[in-house]
Amino acid sequence: MCMEEIAAAVCEGDDDNIVDLCRMALEGGATPSCIIKEGLTAGMMRAGEFFDSGEYFLPEMLISSMTLQKGLDYLVGCLEKESGFWRGCIVIGTVEGDTHDIGKNLVGAMLQAAGFRVIDLGIDVSAERFIESVGIYKPDIIAMSALLSTTMMNMETVIRRLSDRGLRDQVKVMIGGAVVNQRFADRIGADGYSENASQAVLLAERLICAS
Ligand code: B12
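Residues numbered from 1 in each chain as written. Predicted model: local features only at pLDDT ≥ 70, side-chain atom pairs only at ≥ 80, totals over all residues.

(A) Focus on unusual backbone geometry. Phi at Asp124 takes a positive value of approximately 55°, unusual for a residue other than glycine. When you line up the elements, Asp124 lands in the loop between β2 (117–120) and α6 (127–137). Judged by C-beta crowding, with 16 C-beta atoms within 10 Å, Asp124 ranks as partly exposed. Despite not being glycine, Lys138 shows a phi value in the positive range, around 50°. (Helix = DSSP H or I, 4+ residues; strand = E, 2+ residues; numbered from the N terminus. Buried ≥ 20, exposed ≤ 12 C-beta atoms within 10 Å, placed from the backbone.)

So, in structure tokens, the structure goes:
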């Protein structure tokens, strides 16, 4: 019941009530990852279906994404207070030229909910900033998101520069976003690809075990 209300609030862009609904779900015993997956993500996916069918336009998508983000910020704040240790460190960002961040934020939140320390570099992240982050945060994984066919090649640039600087062995690279797939990941030499936020958690676990 509560998850359905959260999903409906995201889909309808009800940002006044989303935090209260998430709080109620937590108090009712739901875990943050369950609320992210079955409430917030489900609502965003529903908004996406309305968009595809022509019922929603970009303003509605933006209001849904702002509502989702408000819920995510609240849940991640709760996680930070609760988490005693991290299972690994992941730097995440949307590649240069690309400002889509709804999927990236969901992936980051799910990873955080699963116990990873997540450093979010934000959107429009240059290859150089990804490279610098290796020295600053010593991440186990760099996770890159791209939604545009014009920006997906920037993922390859990051991987190539990691190799050029002799850093490629120090960090795993995972990629995602509607415009990329496993074949593309193999082609550019990424260590993994996943198509959604839940799979991204499994992939991160696998990559960290393998390192
Ligand atoms: C919302 C949206 C916008 C919003 C973005 C708001 C925001 N804060 O993100 C706004 C209005 C700003 C926008 C702008 C533009 N957009 Co837009 N946008 C979309 C839309 C409708 C939804 C994207 C979305 O958020 N989906 C929901 C999330 C949950 O899904 P997701 O992003 O795919 O993420 C999931 C997975 O891919 C995966 N994942 C994502 N990242 C990662 C990372 C890792 C590491 C892993 C493992 C997994 C993973 O997990 C996520 C959760 O399950 C899509 C259409 C579509 N159906 O995809 C177009 C779309 C992506 N946009 C498009 C375009 C062209 C643009 C613009 C160029 C439009 C313009 N002419 O200005 C600009 C570009 C701006 C820029 N420079 O980036 C095109 C891209 C076409 C292409 N192939 O290149 C699309 C496909 C629309 C279309 N059919 O033409 N957009």
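Here the narrative resumes.
(B) The arrangement of the domain arrangement of the protein in detail. Once the domains are mapped, the protein shows domain 1 (2–82) and domain 2 (89–210). Here the C-alpha centre of domain 2 lies 24 Å away from the C-alpha centre of domain 1. Each side of the interface is counted separately: domain 1 has 13 residues, and domain 2 has 10 residues. Every element with two or more residues in the side of domain 1 that touches domain 2 is listed here: α3 (32–52) and α4 (58–82). (Domains from an automatic or database assignment. Contact = placed C-beta atoms within 7 Å.)

(C) Focus on the site of the ligand. Inspection of the region around the ligand gives 34 residues, with Ile102, Gly103, Ser145, Gly176 and Asn196 positioned closest. Elements supplying a minimum of two residues to the shell around the ligand: α3, α4, α5 (102–113), β3 (141–145), β4 (172–176) and α9 (197–210). For the shell around the ligand, the leading source of residues is α5, giving 5 residues. Class assignment for the residues of the shell around the ligand results in 18 nonpolar, 12 polar and 4 charged. (Near = placed C-beta within 6 Å. Nonpolar A, V, L, I, M, F, W, Y, C, P; charged D, E, K, R; others polar.)

(D) Region of interest: the sheet that holds strand β5 (residues 192–193). Ordered by their spatial adjacency, 5 strands build an open sheet running β2-β1-β3-β4-β5, and the pairing between neighbours is parallel. Both edges of this open sheet fall to β2 and β5, since each of them pairs with a single strand only. As defined by bridge partners, strand β1 (residues 89–94) adjoins β2 across 4 bridges and the pair is classed as parallel. Counted as the bridge partner of Cys89 is Arg117 from β2. Of the strands in this sheet, β1, β2 and β3 touch α6, which is tilted by about 160° from β1. In this fold α9 packs onto β1, β3, β4 and β5, with an angle of close to 165° to the strand it touches most, β4. (Pairing = 2+ DSSP bridges. Axes fitted to C-alpha atoms, helices over the stretch in contact; angles between N-to-C directions.)

(E) Representation of the packing of α5 against α9. Relative orientation of the contacting elements α5 and α9 amounts to 50°, with a least axis distance of 9 Å. Accordingly, the angle class assigned to the pair α5 and α9 is oblique. In this structure, α5 meets α9 at a crossing whose hand is right-handed. Counting all contacts with α5, which are made through Leu106, Val107, Met110 and Leu111, the residues of α9 involved are Ala197, Ser198, Ala200, Val201 and Ala204. Looking at side-chain class alone, the contact of α5 with α9 contains 8 nonpolar, 1 polar and no charged residues. (Parallel < 35°, antiparallel > 145°, perpendicular 65-115°, else oblique. Left-handed = near helix turned anticlockwise from the far one by under 90°.)

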